[in-house]
Amino acid sequence: MEKERDVVKRIAQLVRAGATLTSYTCPVCGTVLVKLKTGELYCANCERTVVLVKSDEEAQQAVEVVQLREVRRIVFDKILQLGRELEKLSASEMVDHLRSMSILLDIYEKLSKIQSSKV
Ligand SMILES: [Zn+2]
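So, how was this worked out
- Residues numbered from 1 in each chain as written.
- Predicted model: local features only at pLDDT ≥ 70, side-chain atom pairs only at ≥ 80, totals over all residues.
- Helix = DSSP H or I, 4+ residues; strand = E, 2+ residues; numbered from the N terminus.
- Rg over C-alpha atoms; globule rule 2.2 N^0.38 Å.
- Buried ≥ 20, exposed ≤ 12 C-beta atoms within 10 Å, placed from the backbone.
- Contact = placed C-beta atoms within 7 Å.
- Core = buried A, V, L, I, M, F, W, Y, C linked by C-beta atoms within 7 Å.
- Pairing = 2+ DSSP bridges.
- Axes fitted to C-alpha atoms, helices over the stretch in contact; angles between N-to-C directions.

## Section: the overall build of the protein
A tally of helices and strands in the protein yields three helices and four strands. From first element to last, N terminus to C terminus, the protein shows the α and β order α-β-β-β-β-α-α. Its C-alpha radius of gyration of 26 Å places the protein more than 25% over the 14 Å reference for a compact globule of 119 residues. By its C-alpha atoms, the protein is 85 × 25 × 15 Å across when sized along the principal axes. Taking all 119 residues of the protein together, 8% fall into the buried category. A sequence separation of at least 24 residues applies to 34% of the contacts in the protein between residues at least 6 apart.

This is how it looks when you write it as structure tokens:
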């Protein structure tokens, strides 16, 4: 119990010195982490800074989002390209073009949704 009170006291001291409480907990002991003015996360119980590593799954998701962003850019370019070509086409040729554009816009919209839900 003594030790626990010491930890609370140390956290209070750190906060007074400019650190902020976070919603993260120490992966070793479960104590609430404070964020030092340097930006580092610190466990007052272990008396050391803690680096929170994202899970493999989170890291993979971040990679996918970046890759999808590239696909979205390509789709967007194609939509613009098809749009520019419309003027030169006859009405019957336009139908195929517009169908392609419609499919691309669908994909673009879906990709945009994934981006906004994950970033
Ligand atoms: Zn700890």
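There is more to say, and it comes next.
## Topic: the nonpolar core
The nonpolar side chains of a soluble globular protein tend to be buried with one another. With seven residues, the main nonpolar core is built from I11, A19, L33, V34, Y42, C43 and A44. When residues of this core are traced back to their parent elements, those giving at least two are β2 (32–35) and β3 (41–43). Apart from residues lying up to four places away in sequence, Y42 is in contact with L14, L33, V34, L36, T49 and V50.

## Remarks on the sheet that holds strand β1 (residues 20–25)
Taken together, four strands build an open sheet; the order of strands is β1-β2-β3-β4 and the sheet is antiparallel. Single-partner strands in this sheet number two, and they are β1 and β4 (48–50). Across the sheet, the axes of successive neighbouring strands diverge by a mean angle of 45°, strand direction being ignored. Taken together, the three bridges between β3 and β4 define a ladder with antiparallel strand orientation. What sits directly across from Y42, in β4, is T49.

These values are about where atoms sit, not about what they do.
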